[in-house]
Amino acid sequence: MSELWPAPRPLERVDRVVSLPGSKSLTNRALVLAAIADGPSVVRRPLRSRDTLLMAAALRSLGTRVDDTAADGAGDWAVTPGAWDRDADIDCGLAGTVMRFVPPVVGLATGTVAFDGDPHMRLRPVGQVLAALGALGVHVDDGGRGALPFSVRGTGSVPGGTVTIDASASSQFVSALLLAGARYEHGVDVRHVGKPVPSLPHIEMTVQMLREHGVEVDDSDANRWAVAPGPVKAVDHDIEPDLSNAAPFLALGAATGGSVTVTGWPDSTTQPGDELRAILALMGCEVTLVDGDLTVRGPERLTGVDLDLHDVGELTPAVAALCALAKSPSHLRGVAHIRGHETDRITALATELGRLGADVTEREDGLDIRPAALHGGTFHTYADHRMAHAGVILGLAVDGVLVEDIATTSKTFPDFATAWTVAVHGRTDGTPS
Ligand SMILES: O=C(O)C1=C[C@@H](OP(=O)(O)O)[C@@H](O)[C@H](O)C1
Ligand SMILES: C=C(OP(=O)(O)O)C(=O)O
């Protein structure tokens, strides 16, 4: 078993100000768009974490230059599009954005590109993207599996056109096709048929960023997105802080009756993490946003919530952990698709919250969580960064919580364990400041 990390428990009321690393979703979109743009550009304050380093490596292996602008490797990323004229091997790790966003742009390359990833990545859904690419004129060889490992053979151009997919398993299927679509000869017209598409704010993020690059997108009809063919203009991007990764830090204020301020909170954003403001207010927190400082002050005890998290599924682990600490029952629903995330998050949460004494019922599309006395123990994380966030949130209020493999948080957050210890204790050695 991987290392067990004793989750820090505050020794006194916290009152903290926290600055967070950049958004995974914005950084990886910015990298893809920069790589297919009509000139060089800069991604400012990018997230440097496993998912974004894998994206940068994937684009480099195709022939894109992604250069650090500072010698210490902590500066911006200067991206220079290159001739994509070679064969390559791409490691997707456990990054949905790499597995789904890169194959559609590989159609524009000349060469055969092989994709694989972590063992669990072979189970995450991607078949709808691969089938769509086939229909749009891209050569895909997946051995009929509809999953990793697969290869894409680019011929330098893609006809494109209209395609129908079922994107109920992941909004990333739609985003993937839209991101590449302007560079297809006829653009791309994506229609969704099936159960509702989850995580719609992430598709809005894609559409908004495409428009910033001068790409024409028609999203006026539900379940249809049409990208007109044309150049992707080179545009610099300033990456916002990752608001979904704000969840555990805001939970620190929420669950302890203290206060936490996250700096650099955007006035308006397509990031689904912005929904945390409304969720935490419903749970009884005082939430204020003043000049980019978002402050959450926790109540004496949190109130349970009845929430449809379909649009913001990636917040479920942190919200579920908070619900386990609440004084009244919660009902989290609409998130069947998160069974296809880094792990089956519904089963994983029911198992691990239950292991620490929570009263949880697993539903097909969510969780019912009722108040119960919690106790310490091991919280398994299943290589899932957001499961680790759930574990450390419980550890705020429960003695003796041991989080397995805290390093799994590196998927989207560099050195989370240090940042978390400082946030909880005010310093890294665990004694209060
Ligand atoms: O496009 C993106 O950047 C993301 C879309 C969402 O995926 P799903 O639609 O698969 O939930 C989200 O959960 C994921 O963390 C990031
Ligand atoms: C679902 C997530 O990631 P991915 O981009 O790998 O799908 C997530 O970060 O919660």
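Here the structure is a predicted model, which is why all the values come from computation and not from measurement.

Reading the values: rules and limits
- Residues numbered from 1 in each chain as written.
- Chains lettered and ligands numbered in written order.
- Predicted model: local features only at pLDDT ≥ 70, side-chain atom pairs only at ≥ 80, totals over all residues.
- Helix = DSSP H or I, 4+ residues; strand = E, 2+ residues; numbered from the N terminus.
- Rg over C-alpha atoms; globule rule 2.2 N^0.38 Å.
- Buried ≥ 20, exposed ≤ 12 C-beta atoms within 10 Å, placed from the backbone.
- Axes fitted to C-alpha atoms, helices over the stretch in contact; angles between N-to-C directions.
- Left-handed = near helix turned anticlockwise from the far one by under 90°.
- Contact = placed C-beta atoms within 7 Å.
- Nonpolar A, V, L, I, M, F, W, Y, C, P; charged D, E, K, R; others polar.
- Pairing = 2+ DSSP bridges.
- Domains from an automatic or database assignment.
- Near = placed C-beta within 6 Å.
- UniProt positions renumbered as here; feature names shortened; annotations may be inferred.

Peer 1: Can you lay out the overall build of the chain for me, pointing to particular residues and giving the numbers?
Peer 2: Scanning the chain from N- to C-terminus turns up 12 helices and 23 strands. For 433 residues, the compact-globule estimate of 2.2 N^0.38 gives 22 Å, and the chain sits close to it at 21 Å. With the C-alpha coordinates aligned to their principal axes, the bounding extent of the chain is approximately 60 × 45 × 45 Å. Considering the chain as a whole, with its 433 residues, one finds that 54% of them fall into the buried category.

Peer 1: Outline the packing of helix α1 (residues 24-35) against helix α6 (residues 200-212), supporting the account with residue identities and numerical values.
Peer 2: Their axes nearest at 11 Å, the elements α1 and α6 cross at an angle of 35°. At the point where α1 passes α6, the crossing takes the right-handed sense. Packed against α1, whose contacting residues are Ser-25, Arg-29 and Leu-33, the element α6 presents His-202, Met-205, Thr-206 and Met-209 at the interface. Split into classes, the residues belonging to the contact of α1 with α6 amount to 3 nonpolar, 3 polar and 1 charged.

Peer 1: I'd love a proper account of the sheet that holds strand β12 (residues 217-218), names of residues and values included.
Peer 2: Sheets are built from strands paired through backbone hydrogen bonds, the pairs being either parallel or antiparallel. On the basis of which strands lie adjacent, the open sheet formed by 4 strands has the order β10-β11-β13-β12 and mixed pairing. A strand with exactly one partner marks an edge of an open sheet, and here the two such strands are β10 (161-165) and β12. On top of the sheet, helix α5 (residues 172-181) reaches β10, β11 (188-192), β12 and β13 (224-227); it is set at about 170° to β11, its chief contact.

Peer 1: With reference to specific residues and values, describe the domain arrangement of the chain.
Peer 2: How large an interface is tends to be reported as the accessible area lost when its parts come together. Under the domain assignment used here, the chain contains domain 1 (4-21 + 240-425) and domain 2 (24-227). Taking the mean C-alpha position of each, domain 1 and domain 2 sit 29 Å from one another.

Peer 1: Pulling in residues and values, what's your account of the site of ligand 1?
Peer 2: Lining the immediate environment of ligand 1, one finds 13 residues, of which Ser-25, Ser-170, Ser-171, Ser-199 and Glu-314 sit closest. Elements with a contribution of two residues or more to the shell around ligand 1: α3 (96-106) and α5. Classifying every residue of the shell around ligand 1 gives 1 nonpolar, 11 polar and 1 charged. Taken domain by domain, the shell around ligand 1 gets at least three of its residues from each of domain 1 (4-21 + 240-425) and domain 2 (24-227).

Peer 1: Tell me about the UniProt feature "active site" (unreviewed entry) in the chain, residues and numbers included.
Peer 2: Within this numbering scheme, the UniProt entry marks Glu-314 as carrying the feature "active site" (unreviewed entry). Mapped onto the elements of the fold, Glu-314 is located in the loop between β18 (306-308) and α9 (316-324). Assessed through the 25 C-beta atoms surrounding it within 10 Å, Glu-314 is described here as buried. In contact with Glu-314, other than residues within four places in its own chain, are Ser-244, Pro-272 and Arg-386.

Peer 1: Kindly report on the site of ligand 2, identifying the contributing residues and their values.
Peer 2: Around ligand 2, the structure places Ala-95, Gly-96, Thr-97, Glu-314, His-341, Glu-342, Arg-386 and Thr-412. Both domains that meet at the shell around ligand 2, namely domain 1 (4-21 + 240-425) and domain 2 (24-227), each give it at least three residues.

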